Amino acid sequence: MIIVFRAIGGKRMIVGRDVNIDIKDLERELAKMASRIRKDFTERGPVDTRVVIMNYFIILKFTAKFTKPEAFMLEHMQSHSSQIFAEYKLKLAEMMREDFSPVFSYIHLGLKIEDIETMFFGTDFAEQVTVFKMNKDVEGLLKNDAINMP
């Protein structure tokens with residue numbers, strides 16, 4: 001079903017046949033999909049997943065619970081001057097690009113990831129933030145174009 005997004009009374013809404021959906025609903029749907037993708041990748045899901053859409057950016061935040069050995073390994077890789085941690089983040093970003101590209105192209109024909117950056121936060125690396133820079137203004141598409149809901 002194709003749904004049109006419009007700004008109504010200053011509030012971003014999705015206007016469809018019998019449906020009015022707030023943009024937060026789209027972000028929640030993307031968060032659910034991201035949780036499933038993450039669970040398939042790690043064999044356990046994140047504790048929390050959030051998505052925020054801002055212009056050309058889709059920001060994805062995972063909160064995970066790592067085992068002590070996993071957290072130790074991540075800390076060890078980051079604290080040593082080798083390229084291992086940087087390579088790990090690059091490989092993770094490429095895997096996410098492969099997993100999310102079909103989702104984004106389904107949402108809007110021609111919507112593609114231009115760049116992707118993954119960062120970890122917290123003493124136990126519990127928070128992973130991934131920023132997708134898209135080739136189109138996603139917020140603008142939501143306000144003006146036909147969009148497919150995932």
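K.L.:
Give a detailed account of helix α3 (residues 84–107), specifying residues and quantitative values.
P.N.:
With 24 residues, α3 should reach 34 Å at 1.5 Å per residue; the first-to-last C-alpha distance of 34 Å fits that figure. The sharpest bend along α3 measures roughly 35° and falls at Phe-100, with the proline Pro-102 sitting one to four residues further on. Listing the buried residues of α3 in full gives Phe-85, Leu-92, Ala-93, Met-96, Phe-100, Val-103, Phe-104 and Ile-107.

K.L.:
Which residues make up the packing of helix α1 (residues 23–42) against α3, and what values go with them?
P.N.:
Contact pair α1 / α3: the axes reach a minimum separation of 11 Å and the direction vectors enclose 145°. The two elements α1 and α3 meet at a crossing, and its hand is right-handed. Contact residues: α1 offers Leu-30, Met-33, Ala-34, Ile-37 and Phe-41, while α3 offers Leu-92, Met-95, Asp-99, Phe-100, Val-103 and Ile-107. When its residues are assigned to classes, the contact of α1 with α3 shows ten nonpolar, no polar and one charged.

K.L.:
Give a description of the nonpolar core that names residues and reports values.
P.N.:
Ile-58, Leu-60, Met-96, Phe-100, Phe-104, Phe-132 and Met-134 are the most contacted members of the largest nonpolar core, which has 37 residues in total. Counting only elements with at least two residues in this core, the list comes to α1, β4 (48–54), β5 (57–63), α2 (68–79), α3, β6 (113–121), β7 (127–134) and α4 (138–144). If you tally residues by element for this core, the top one is α3, at eight residues. Among residues more than four places away in sequence, those in contact with Ile-58 are Val-51, Val-52, Ile-53, Phe-104, Thr-130, Val-131, Phe-132, Met-134 and Val-138.

K.L.:
So what's going on with the sheet that holds β7? Residues and values would help.
P.N.:
Pairing is antiparallel across the open sheet formed by four strands, whose spatial order is β4-β5-β7-β6. On the outer flanks of this sheet lie β4 and β6, each paired with one strand and no other. Across this sheet, the average inter-strand angle for adjacent strands is 15°, counted without regard to direction. Sheet analysis places β5 next to β7, joined by seven bridges and oriented antiparallel. Directly across from Ile-58, in β7, lies its bridge partner Phe-132. Against the sheet, α1 touches β4, β5 and β7, its axis set at about 135° to β4. Sitting on the sheet, α3 touches β5, β6 and β7, and the angle it makes with β6 is about 130°.

K.L.:
Tell me about unusual backbone geometry, residues and numbers included.
P.N.:
Positive phi values are uncommon outside glycine, yet Asn-55 reaches one of about 50°. Tracing the backbone shows Asn-55 in the loop between β4 and β5.

K.L.:
Could you give me a rundown of the side chain of Arg-38, with the residues and numbers involved?
P.N.:
By secondary structure assignment, the location of Arg-38 is in helix α1. Although Arg-38 is buried, it makes no salt bridge; Glu-70 carries the closest opposite charge, 8.4 Å away. Reaching out from Arg-38, the side chain makes a polar contact with the side chain of Gln-128 at a distance of 2.3 Å. Those residues in contact with Arg-38, other than ones at most four positions away along the chain, are Glu-43, Arg-44, Pro-46, Phe-62, Ala-64, Phe-66 and Gln-128.

K.L.:
So what's going on with the pattern of salt bridges? Which residues, and what values?
P.N.:
Counting across every chain of the model gives seven salt bridges. Where Glu-27 meets Lys-24, a salt bridge forms, and the shortest distance between an N and an O atom there is 3.1 Å. Pair noted here: Glu-27 and Lys-24 are both in helix α1, with a separation of three residues, about one helical turn. Look at Lys-24 and you get partly exposed, because its relative accessible area is 39%. Close ionic contact of Glu-94 with Arg-97 constitutes a salt bridge, the shortest N to O distance being 3.5 Å. Taken together, the positions of Glu-94 and Arg-97, both in helix α3 and three residues apart, correspond to about one turn of that helix. Judged by its relative accessible area of 41%, Glu-94 falls in the partly exposed class.

Analysis parameters
Residues numbered from 1 in each chain as written. Predicted model: local features only at pLDDT ≥ 70, side-chain atom pairs only at ≥ 80, totals over all residues. Heavy atoms only, no water. Helix = DSSP H or I, 4+ residues; strand = E, 2+ residues; numbered from the N terminus. Expected span 1.5 Å × (residues − 1). Bend = angle between axes of the 7 residues up to and from the residue. Buried < 20%, exposed > 50% of the residue type's maximum accessible area, 1.4 Å probe, protein only. Axes fitted to C-alpha atoms, helices over the stretch in contact; angles between N-to-C directions. Left-handed = near helix turned anticlockwise from the far one by under 90°. Contact = heavy atoms within 4.5 Å. Nonpolar A, V, L, I, M, F, W, Y, C, P; charged D, E, K, R; others polar. Core = buried A, V, L, I, M, F, W, Y, C linked by side-chain atoms within 4.5 Å. Pairing = 2+ DSSP bridges. Lys, Arg positive; Asp, Glu negative; His and termini not counted. Salt bridge = Lys/Arg side-chain N within 4 Å of Asp/Glu carboxyl O. Polar contact = N/O pair within 3.5 Å; in protein donor to acceptor, adjacent residues only side chain to side chain.

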